[in-house]
Amino acid sequence: MQELIQKQRRFFDSGATLPVSFRIKQLKQLKKAIRTHEGLLYEAIAADFRKSKFETYATELGLLYHEIDVAIDKVSQWARRRRVPSNLLNFPAKSYLRPEPLGVSLVIGAWNYPYLLSLGPVIGAMAAGCTVILKPSELPSQTSAAMATMISVSFAEEYVAVVEGGVPETTQLLEQRFDKIFFTGSTKVGKIIYQAAAKNLTPVTLELGGKSPAFVTADCNLKITVKRLVWGKFLNAGQTCISPDYVLVDRKIEKQFLEQCVKEIEKEQFSLEHGNISQIINDRNLQRLRQLIDPGKVVHGGKVDAANRYIEPTLLAGIDFEDTIMQEEIFGPLLPVIAYDNLDEAIGKVKTLEKPLSCYVFTRSARIKKQVMDGISFGGGMINDAVMHITNSHLPFGGVGASGIGAYHGKTGFDTFSHQKGVIEKKNWLELPLKYFPHTPRKLWWIQRFFKF
Ligand code: NAD
């Protein structure tokens, strides 16, 4: 590992990654590499947790292609030196922001969208002119191996390399000095990463999780609300960081809401055979989720097929914040529904919890939209839909508080792997005497005025 990092450092220090033409060429190479290996990538993810080709394209590869295209199209603009106003104290001068790549970066991926969450940050790093060591999650072992193969045949290891492994390998990697660490995963491990990075004052981006609420108010369009919520919740069997973790529904429409949910779940005919739901990633998570199903509160679903690592899309009602299912991020196909009588109180309760990665509100009321969107601190969210905000590369994607530090996607991804170097170029045709000795009251009077401009 040390040798690999040294190689990357030498390559970075050579300045090879600096020309924008190099970055564009490599981004095109990444796109080509994914295209060439699409078959392998589909096979690997199906073997790991039976994710279908449709879902893999729609939620991973399609987004990666889009992000690469945006970066290829815009990187010259992003990397350009940008003029900013100068202040009067520096007159006469020009001021610039000069983005520079941070250097040798480490990207640690999560398992639930293994391609998107591993290669997505790599796009930002490449656009910014960094070198990358990628450590995909070890849980979907086939996808990790597929990415290692794809990257090793497509890039020189001094530029982009994959290191496979679990906790021991990641711990070893974290003992090295990087110029940037980008981590996607749980809040618990995020704290370990942050501590390791602190030793070298390495800047981090932490893309973490949390319990993302969805508010459903009495005036919502119930049919569309349920359709979008059910899709967002059971996508990838609920193993989505921005999945609506739980629903807060106005008690006045709770009954209709639950009935409509059952109808929608039945209509969708979720099954591994139909390819519209994935397996639970491993037995440990299956057992963890099984424990969260309180049989007395199941409105629909609840069956667990351990042999196939499959859990039926499950709807639970009569839930309150004290229930076990409300104590941790669910990360599975279980949807607890909490009825509220007073929206202010429901919002107040959510505000006492850790800041979520996402928040959703389904309503027609402009007042309620504002109340929820302004009243709660969260990473990113939607009004009248769920999950889809991740597809807009104009929006920074990231959490706040316990759900993360920093963001990426589109230009934000470039910025995440860059340092904005601020530079002033001074002219020589004038030298004001103000800052020089003797420090007279008159000079002070002038300086006080100058600070205003
Ligand atoms: P995880 O934290 O268990 O693992 C993430 C990565 O950290 C893996 O590559 C793993 O090998 C490594 N890791 C695990 N334990 C480690 C340790 N002790 N020391 C060093 N490295 C270690 O997370 P996960 O199970 O892969 O993903 C699920 C979590 O990630 C959920 O909380 C989910 O919300 C979150 N998530 C967030 C986003 C986001 O974009 N914000 C996306 C997907 C998942």
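Look above for the structure.
One structure accompanies this document, and this report is about it.

Rules behind the numbers
- Residues numbered from 1 in each chain as written.
- Predicted model: local features only at pLDDT ≥ 70, side-chain atom pairs only at ≥ 80, totals over all residues.
- Heavy atoms only, no water.
- Salt bridge = Lys/Arg side-chain N within 4 Å of Asp/Glu carboxyl O.
- Helix = DSSP H or I, 4+ residues; strand = E, 2+ residues; numbered from the N terminus.
- Buried < 20%, exposed > 50% of the residue type's maximum accessible area, 1.4 Å probe, protein only.
- 1 Å grid on protein atoms, 1.4 Å probe; cavity = no way out; pocket = protein on both sides within 12 Å on 5 of 7 lines; lining within 4 Å.
- Points joined across faces, edges and corners; volume = space filled by probe spheres on them.
- Near = heavy atom within 4 Å.
- Polar contact = N/O pair within 3.5 Å; in protein donor to acceptor, adjacent residues only side chain to side chain.
- Areas by Shrake-Rupley, 256 points an atom, 1.4 Å probe, with all protein chains shown as cover.
- Nonpolar A, V, L, I, M, F, W, Y, C, P; charged D, E, K, R; others polar.
- Axes fitted to C-alpha atoms, helices over the stretch in contact; angles between N-to-C directions.
- Parallel < 35°, antiparallel > 145°, perpendicular 65-115°, else oblique.
- Left-handed = near helix turned anticlockwise from the far one by under 90°.
- Contact = heavy atoms within 4.5 Å.

### Some points on the pattern of salt bridges
- As enumerated under the stated definition, the model contains 21 salt bridges in all.
- The partner of Asp323 in a salt bridge is Lys297, and the shortest N-O contact between them spans 3.0 Å. Here the residue Asp323 occupies a position in the loop between β13 (314–316) and β14 (334–340), and Lys297 occupies one in the loop between α11 (283–292) and β10 (298–300), the gap between them amounting to 26 residues.
- A relative accessible area of 15% places Asp323 in the buried class.
- Here Lys427 ties to Glu425 by a salt bridge, and the two come within 4.0 Å at their closest N and O atoms.
- Lys427 sits in the partly exposed class, given a relative accessible area of 26%.
- Within the structure, one salt-bridge network assembled from shared partners comprises Arg9, Arg177 and Asp179.

### Brief notes about the layout of surface pockets
- Put simply, the second largest pocket is a space of about 400 Å³.
- Considering the residues around the second largest pocket, the lining is formed by 25 residues, among which Glu55, Ala58, Thr59, Trp231 and Leu235 are closest to the centre.
- Elements represented by at least two residues in the lining of the second largest pocket include exactly α4 (53–79), α5 (114–128) and α9 (222–234).
- With five residues, α4 is the single largest residue contributor to the lining of the second largest pocket.

### Focus: the site of the ligand
- The environment of the ligand is made up of 25 residues, and the closest members are Trp111, Glu138, Ser186, Leu208 and Glu329.
- With respect to the ligand, the side chain of Trp111 contributes an N or O atom lying 2.8 Å from an oxygen atom.
- In this structure, an oxygen atom belonging to the ligand sits 2.6 Å away from a side-chain N or O atom of Ser186.
- Relative to its unbound accessible area of 840 Å², the ligand is 88% covered by the protein chains.
- Of all the elements in the fold, those that place two or more residues in the shell around the ligand are α7 (167–174), β6 (180–184) and α8 (187–198).
- In terms of residue class, the shell around the ligand is made up of 13 nonpolar, eight polar and four charged.

### Here we look at the packing of helix α3 (residues 38–49) against helix α6 (residues 141–154)
- Contact pair α3 / α6: the axes reach a minimum separation of 7 Å and the direction vectors enclose 160°. By the angle class used here, α3 and α6 are roughly antiparallel. Crossing hand, α3 versus α6: right-handed. For the pair α3 and α6, contact is made by Leu40, Leu41, Ala44, Ile45, Ala47 and Asp48 and by Ser141, Gln142, Thr143, Ala146 and Met150, respectively.
- Classifying every residue of the contact of α3 with α6 gives seven nonpolar, three polar and one charged.

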